[in-house]
Amino acid sequence: MHNKGLLIVISGPSGAGKGTIIKELIKKGKFWLSVSATTRAPRNGEIDGKSYYFLTREQFEERLRLNDFLEHAEVYGNFYGTPKSNVMERIDNGEDVILEIDIQGALKVKEAYPEGVFIFILPPSMEELKKRIIKRGSETTESLMTRFKSAYKEINYVSKYNYAVTNDTVEVAAEKIESILVAERCRVDRLKDHILDSKEGIIHEQLYD
Ligand code: 5GP
């Protein structure tokens, strides 16, 4: 009997550096990163099936009809969704799964799965955030403005999350998340199922002998 894996939900305004922090986490630990589906066009260097599953609107709607998504949301005029496929199986299997999704999606997941670990990535400052969005350089001016505006609004949602991690440097932010996860795995309410389910009674013996 093993403990369940963690469902780790990471959000934050575009340009806060979620992607880079997640890459760093994956380099150092054993996580399974869920690949989302989207109707947005691929950016330079993005690979279908790796960065996202790039779908047409019709394909996305078809998968919605088939109830294929754990959650989905419309972000900046495009649809994004987390394929249900094996997220839950992996968690039951003891694997830690990362979802990098927007706030609307994260709130839906929190309702359905409150035992998830909800982490909000904050930029070091709003000025820095602006610079990072511009540096990415793949957006039209209109879409840049939309992203700035939403970034300002989105930061208020930090209070809905369990943890806020400021991305001053990628290494330190990733270390903070690793520490959060170490603590989460030790939480008594996560061990409880394990204690109650323990067929061998090993933990009971340790408690009562
Ligand atoms: P981008 O277009 O910059 O890759 O992503 C835009 C936003 O969509 C980001 O906030 C990202 O976290 C979010 N996003 C990516 N995949 C999903 C998903 O499967 N579901 C939801 N709800 N949001 C997603």
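Residues numbered from 1 in each chain as written. Predicted model: local features only at pLDDT ≥ 70, side-chain atom pairs only at ≥ 80, totals over all residues. Heavy atoms only, no water.

Let us now look at the sheet that holds strand β5 (residues 69-75). The strands that make up a sheet are held in pairs by hydrogen bonds between backbone atoms, and each pair lies either parallel or antiparallel. Read from one edge of the open sheet, 4 strands run β4-β3-β6-β5, paired in mixed fashion. Edge strands, defined here as strands with exactly one partner in the open sheet, are β4 (53-54) and β5. The sheet contact formed by strand β3 (residues 37-38) and strand β6 (residues 78-83) spans 2 bridges and is antiparallel. Within β6, the residue paired with Thr 38 across the bridge is Tyr 80. Packing against the sheet, helix α2 (residues 57-65) makes contact with β3, β4, β5 and β6, and its axis sits at approximately 140° to β5. (Pairing = 2+ DSSP bridges. Helix = DSSP H or I, 4+ residues; strand = E, 2+ residues; numbered from the N terminus. Contact = heavy atoms within 4.5 Å. Axes fitted to C-alpha atoms, helices over the stretch in contact; angles between N-to-C directions.)

What follows is about the pairing of strand β1 (residues 7-11). Look at any regular strand and the pattern is simple: side chains alternate between the two faces of the sheet. Burial of β1 is extensive: 5 of the 5 residues sit out of reach of the surface. With burial as the criterion, each face of β1 is covered, one bearing Leu 7, Val 9 and Ser 11 and the other bearing Ile 8 and Ile 10. Looking at chain direction, β1 and strand β7 (residues 97-100) are connected through 4 bridges and run parallel. Residue Leu 7 lies in a different strand from β7, and its bridge partner there is Val 97. Of the strand pairs in this sheet, β1 and strand β8 (residues 117-122) are connected by 4 bridges, and their pairing is parallel. By the bridge assignment for β8, Ile 8 is matched with Val 117. (Buried < 20%, exposed > 50% of the residue type's maximum accessible area, 1.4 Å probe, protein only.)

Right, let's talk about the site of the ligand for a bit. Near the ligand you find 16 residues, and of these Ser 36, Arg 40, Tyr 52, Tyr 80 and Asp 102 are the closest. Arg 43 is positioned with one of its side-chain polar atoms (N or O) 2.9 Å from an oxygen atom of the ligand. In the environment of the ligand, an oxygen atom lies 3.1 Å from a nitrogen or oxygen atom belonging to the backbone of Gly 81. Looking at the shell around the ligand, the elements with two or more residues in it are β5 and β6. By residue class, the composition of the shell around the ligand is 5 nonpolar, 4 polar and 7 charged. Viewed by domain, the shell around the ligand spans two of them, domain 1 (1-31 + 96-209) and domain 2 (35-95), each represented by three or more residues. (Near = heavy atom within 4 Å. Polar contact = N/O pair within 3.5 Å; in protein donor to acceptor, adjacent residues only side chain to side chain. Nonpolar A, V, L, I, M, F, W, Y, C, P; charged D, E, K, R; others polar. Domains from an automatic or database assignment.)

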